[in-house]
Amino acid sequence: MEVTESGLKGVYLIKPRVFEDPRGFFLESYNRDRYRDHGIDAEFVQDNFTRSTRGVLRGMHYQIKRGQAKLVWVPEGEVFDVVVSTCARTLPPSDSGTDIRSPQKTSTSCSCPPGLPSAIV
């Protein structure tokens, strides 16, 4: 598993190891211990799946009273994921948000901590 920090604290791009052979492929999409080893200590309590047609905006999603960490998984295709800080007035512009582009043909995830809104296109 390859974990890359984004430009916003607590937001990571995650690329799992993919094992391919003539039958198809296998990958581990989530492993609590491996995520914790990389500093991602979120408790994921809900799993949702959505499929959108090209150009559809989904977001900004976040919870005010009971913040939830988000793990945006892109099994196929491309996504533009935008995460912003709700404290943008008190942060320098470089620390107020980040965008992550998941390239085609790779299975990637974006881990977003509680309290940060995110939107995907």
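Higher on the page you've got the structure.
Residues numbered from 1 in each chain as written. Predicted model: local features only at pLDDT ≥ 70, side-chain atom pairs only at ≥ 80, totals over all residues. Heavy atoms only, no water.

**Student:** Sorry if this is basic, but what is going on with the side chain of Ser111 here?
**Tutor:** You can see Ser111 is positioned in strand β9 (residues 108–112). When its relative accessible area of 3% is taken as the criterion, Ser111 is described as buried. When neighbours within four sequence positions are excluded, Ser111 is seen to be in contact with Gly10, Val11, Tyr12, Ile14, Ile40, Phe44, Lys70 and Leu71. (Helix = DSSP H or I, 4+ residues; strand = E, 2+ residues; numbered from the N terminus. Buried < 20%, exposed > 50% of the residue type's maximum accessible area, 1.4 Å probe, protein only. Contact = heavy atoms within 4.5 Å.)

**Student:** Help me out: how do you make sense of the nonpolar core in this one?
**Tutor:** When a protein is soluble and globular, its nonpolar side chains tend to lie buried together. Membership of the largest hydrophobic core is limited to 10 residues, which are Leu8, Val11, Val72, Val74, Val79, Val83, Cys110, Cys112, Leu116 and Ile120. Looking at this core, the elements with two or more residues in it are β6 (70–74), β7 (79–84) and β9. (Core = buried A, V, L, I, M, F, W, Y, C linked by side-chain atoms within 4.5 Å.)

**Student:** Before we go on, may I ask you to explain the environment of Leu116 in this structure?
**Tutor:** Within the secondary structure, Leu116 is located in the loop between β9 and β10 (118–120). Here Leu116 falls in the buried class, since its relative accessible area comes to 11%. Considered as a pair, Leu116 and Ser85 are 31 residues apart in the sequence and their alpha carbons are 5.5 Å apart.

**Student:** Looking at this model, I keep getting lost on the environment of Glu43. Mind explaining?
**Tutor:** Along the chain, the position of Glu43 falls in the loop between α1 (32–37) and β5 (58–61). Judged by its relative accessible area of 68%, Glu43 falls in the exposed class.

**Student:** Would you mind showing me how to read the pattern of salt bridges here?
**Tutor:** When the charged atoms of two side chains with opposite charge come close together, those side chains can pair. Tallied over the entire structure, the rule returns 3 salt bridges. A salt bridge links Arg23 to Asp21, with the shortest nitrogen-to-oxygen separation between them at 2.4 Å. Assessed through its relative accessible area of 78%, Arg23 is described here as exposed. Overall, Asp21 belongs to the partly exposed group, its relative accessible area being 35%. (Salt bridge = Lys/Arg side-chain N within 4 Å of Asp/Glu carboxyl O.)

**Student:** Honestly, the state of the cysteines in this entry has me stumped. Any pointers?
**Tutor:** Among covalent bonds in proteins, the disulfide is the one between the sulfur atoms of two cysteines. Tallied over the entire structure, the rule returns 0 disulfides. No disulfide involves Cys110; its nearest neighbouring cysteine sulfur is the one of Cys112, lying 6.2 Å away. Owing to a relative accessible area of 3%, Cys110 belongs among the buried residues under this scheme. Using a relative accessible area of 2% as the deciding quantity, one classes Cys112 as buried. (Disulfide = S-S within 2.5 Å.)

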